[in-house]
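A structural walkthrough
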Amino acid sequence: MTKRFWNLFKVSPVVLAAAFFAANSALAAEVNETNVSQLSEAQESNNIDQVTSVSQFSDVQPTDWAFQALQSLVERYGCIAGYPNSTYRGNRALTRYEFAAGLNACLDRVNELIATATADLVSKQDLATLQRLQEEYSAELATLRGRVDGLEARTSELEANQFSTTTKLVGEAIFNISEPFGGNRAVASNAVGAGPKLDSNTTFGDRVRLNLYTSFTGKDQLQTRLTAGNIINNNATGNTGATGTNMTRLGYDVTTADNSVSIDKLNYAFNFKDSVRVKVDATGGELYENVDVFNPDFKSSGTGALSRYGRFSPIYRQGQNSAGLTVTLNPNGPISITGAYLAPSSGNGLFGANNPAANNGLFNGDNTIFGQLSFKPNKALNIGLTYAHSYLAGNAANSFFQSTGSGFANSPFGTVAGIRAESNNYGVEATFLFSPKLALSGWGGYTTISTLAGAPRDAEVWYYGATLALRDFGKEGNVLGIIFGQPPKVTGGNVKTGSPLDSGTSYHLEGLYKYKVSDNIQVTPGLLVIFNPENNNNNDTEYVGTLRTTFTF
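Figured I'd write up the structure that's included with this text. (Residues numbered from 1 in each chain as written. Predicted model: local features only at pLDDT ≥ 70, side-chain atom pairs only at ≥ 80, totals over all residues. Heavy atoms only, no water.)

In the structure shown here, the tally under the stated rule is 8 salt bridges. With its nearest N and O atoms 2.9 Å apart, the salt bridge here joins D297 to R471. With D297 in the loop between α8 (287-290) and β6 (322-329) and R471 in strand β12 (residues 458-471), this pair connects stretches of sequence that are 174 residues apart. On the accessibility criterion, D297 (12% relative accessible area) is buried. (Salt bridge = Lys/Arg side-chain N within 4 Å of Asp/Glu carboxyl O. Helix = DSSP H or I, 4+ residues; strand = E, 2+ residues; numbered from the N terminus. Buried < 20%, exposed > 50% of the residue type's maximum accessible area, 1.4 Å probe, protein only.)

And the structure:
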């Protein structure tokens, strides 16, 4: 061995320490089992350049006890790297794998110095020490290299076969077994005699939704939803064995029950500023998906309440299935304000924002102007004050609560088209957490409805509801729920003068148990009970037993 060669090995014993310090670098990012996001992070950290000065680390100060050692390693060997956010994280625990990665980085640097013969840096004794360390950690180094190779192969495969670089798919499938039963079919209060016998038939239906979520900036979202299903409304038109009331409707029945696929929702949401969230609905816009409805445990149609009424206040059904705009100020703050303008469509082109005919379009047809003030002083309490003004142009029979509540409350002026009318809706909602495992939510609403043509007619409608959720009941992730309330009922106005309609009071009672089989499967048995359906005290109590299984993927 020549003298010049041995001069290349005159290096301080701090090479061993270099391995420990370098092990905390981004080169030694955790090598645990990874998901897709971790693969991406691993790729990013592999692209980090070595630092040239210890001052590049934002979390290393001259007063730190290891500052001089780090400075020496950076300036003499250049085998120290940082994390993507310019930190060193010197206080992290060191694994054997990370030590092996750091040691390998310094060995590579030493080999470079030997090959280029740049200075008198390494001694024979140091070389022997390094060789011994390399042999001792040969298994870890081999494992590390194997895992890195595996990560590279998996990343390449994902890049080659990924659905999209900007879009992810989120799906939900529902299997539903249900049976309504009771005495006679419900009839309105002005009916003569009792309704026909209610046929108790067990049904098995399904609903599938596929959501494509696309982000172009990381802070925006384009949603495209495809829907298919065959779960029939318990009060479907022409179904002589049905319950006779929309109060027995499930929260996830479908309009077109033939499993045909359609795009029922298309919208784009983005931050106008950090404190302003904007959502533009092209079709399928719904207030209850654009704003907080203050019923967190039961608002979802797939994993929430079984019934239509038990999900949230009927005020959020104003302007349903619309095109429009929703703007929320300070969405994540203790006080937030939301404003929205929605123009509903029939879905079949009969009327709506997409129809250029008279009394249609974005501004001349049916529309809803909405406002909500939300107050959340802490994690336990959340309160909302809500207002909505709806205008119905008379292109179809009026339904002021979208088939939620009694038939009279939805169409107080008759079930024929051609009646122009408006409603003013006022609501208060709240959620209170007694503890992380016990939540109480509720709502109350008052609505005035009046005609805009012909003889003046008006109606007043009241409703309320409350939900109780016992979280982690029996098992973590399970929820035992109880829902009680009064669906919309006409209580005043000149339409009530001399009319027997809505002379009684209906009550909604629902019990359900959301059982979490796994992170992707939920089974929910439950029973819905409607007392005095259609606000007619002469009607028999009706029941709907349901077993819903929800798959998410």
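Another aspect to go through is the environment of I419. Inspection of the secondary structure puts I419 in the loop between α10 (407-410) and β10 (421-435). Owing to a relative accessible area of 12%, I419 belongs among the buried residues under this scheme. Spatially, the C-alpha atoms of I419 and A453 are 7.4 Å apart, while their sequence positions differ by 34 residues. Those residues in contact with I419 that sit more than four places away from it in its chain are L392, G394, N398, F413, T451 and R457. (Contact = heavy atoms within 4.5 Å.)

Time to look at the packing of helix α6 (residues 124-136) against helix α7 (residues 138-161). At a minimum axis distance of 4 Å, the contact between α6 and α7 shows a crossing angle of 60°. Contacts from Q134, E135 and E136 of α6 reach α7 at S138, E140 and L141. Of the residues contributing to the contact of α6 with α7, the split by class is 1 nonpolar, 2 polar and 3 charged. (Axes fitted to C-alpha atoms, helices over the stretch in contact; angles between N-to-C directions. Nonpolar A, V, L, I, M, F, W, Y, C, P; charged D, E, K, R; others polar.)

Turning to the pairing of β10, a few remarks are in order. Sheet analysis places strand β9 (residues 381-392) next to β10, joined by 12 bridges and oriented antiparallel. Residue L381 lies in a different strand from β10, and its bridge partner there is F432. Bridge count for β10 against strand β11 (residues 438-451) is 14 bridges, and the pairing is antiparallel. Within the sheet, the bridge partner assigned to S435 lies in β11 and is L438. (Pairing = 2+ DSSP bridges.)

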